[in-house]
Amino acid sequence: MHPPILQTFSHSLLPLLDIAGTVVFAVSGALEAARRRQTILTFLFFAAITGVGGGTVRDLLIGAPVFWMHVSAPIAACLLSALVVWFTPGRLWSERAVDWFDGIGIAAYGVFGSAKALAYGIPILPAAIMGIVSACMGGIFRDMLARAPSIIIRPELYVTAVALSSSLYVTLTALGCPLFPAAAFAFVAGFLVRAGAIRKGWGLPTYRK
């Protein structure tokens, strides 16, 4: 580990992206439970597994303490998010609310996951991949539990948006850009790409023989 880097990391604004990503992922999980008219326990479970799933896999891979096992705030935020969705009238959520909340989450976690990997001494390329893992695994777990087609195999841009956020962040910081501007720019870029995919159906070409 690199204590000076970790100290800078822990006192930066990047942890705000962590809690923000956790909350919006948790909301997307709860909304999936709502879409399927599940019980309150399912709401709580979907919110928790979606909110902390990707970060858990990331921490295990980079050798960090699993974040929600040592601080109560992340899992508490997931459970609170589930309760908010449970008590909010369904008519207030749009049909694509899951996609929008998920889009915010992947942009935030693409940046935060890469930043945390870098803070633990992971090289640039694997660190960027850790951003993708952080951002995608929670949604994959959610879709598997809901028996829904995985969001990562839909034709519209998804992993591409995450990859843009994570690769921009690691590239900008490697070039000496301060952490906050690098994180903000990478987050906005990734979210705009995902927003374009949601609204306009942007996608990559599919395989053709």
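If you look the protein up in an unreviewed UniProt entry, it shows as Glycine transporter domain-containing protein from Gluconobacter morbifer G707. The UniProt entry for the protein carries the following text under Sequence similarities (unreviewed entry): "Belongs to the UPF0126 family."

A. Inspection of the packing of helix α6 (residues 124-146) against helix α7 (residues 159-174) at higher detail. Where α6 contacts α7, the axes come no closer than 9 Å and their chain directions differ by 145°. Seen along the crossing, α6 lies across α7 with a hand that is right-handed. Residues Ile124, Ala127, Ala128, Gly131, Ile132, Ala135 and Cys136 of α6 pack against Val159, Val162, Ala163, Ser166, Ser167, Val170 and Ala174 of α7. In terms of residue class, the contact of α6 with α7 is built from 11 nonpolar, three polar and no charged.

B. Representation of the UniProt feature "transmembrane region" (unreviewed entry) in the protein. Under the present numbering, the feature "transmembrane region" (unreviewed entry) in UniProt falls on residues 12-31, 43-61, 67-88, 124-145 and 182-202. As a span, residues 124-145 carries 100% helix and 0% strand, and end to end its C-alpha atoms are 32 Å apart.

C. Molecular detail of the side chain of Thr50. Summarising the element assignment, Thr50 is placed in helix α3 (residues 40-62). At 2.6 Å, the side chain of Thr50 forms a polar contact with the backbone oxygen of Phe46. Not counting the four nearest positions on each side in its chain, Thr50 is found in contact with Phe25, Ser28, Gly29, Gly138, Gly139 and Arg142.

D. Region of the structure containing the pattern of salt bridges. Applying the stated criterion across every chain yields a total of nine salt bridges. Across the pair Arg194 and Glu156 runs a salt bridge, and its minimum N-O distance is 3.0 Å. In this pair, Arg194 is assigned in helix α8 (residues 179-200) and Glu156 in the loop between α6 and α7, connecting sequence segments 38 residues apart. Grouping residues by exposure puts Arg194 and Glu156 together as buried. Connected through shared salt-bridge partners, Arg96, Asp99, Glu156 and Arg194 make up one network.

The rules behind the values
- Residues numbered from 1 in each chain as written.
- Predicted model: local features only at pLDDT ≥ 70, side-chain atom pairs only at ≥ 80, totals over all residues.
- Heavy atoms only, no water.
- UniProt positions renumbered as here; feature names shortened; annotations may be inferred.
- Axes fitted to C-alpha atoms, helices over the stretch in contact; angles between N-to-C directions.
- Helix = DSSP H or I, 4+ residues; strand = E, 2+ residues; numbered from the N terminus.
- Left-handed = near helix turned anticlockwise from the far one by under 90°.
- Contact = heavy atoms within 4.5 Å.
- Nonpolar A, V, L, I, M, F, W, Y, C, P; charged D, E, K, R; others polar.
- Polar contact = N/O pair within 3.5 Å; in protein donor to acceptor, adjacent residues only side chain to side chain.
- Salt bridge = Lys/Arg side-chain N within 4 Å of Asp/Glu carboxyl O.
- Buried < 20%, exposed > 50% of the residue type's maximum accessible area, 1.4 Å probe, protein only.

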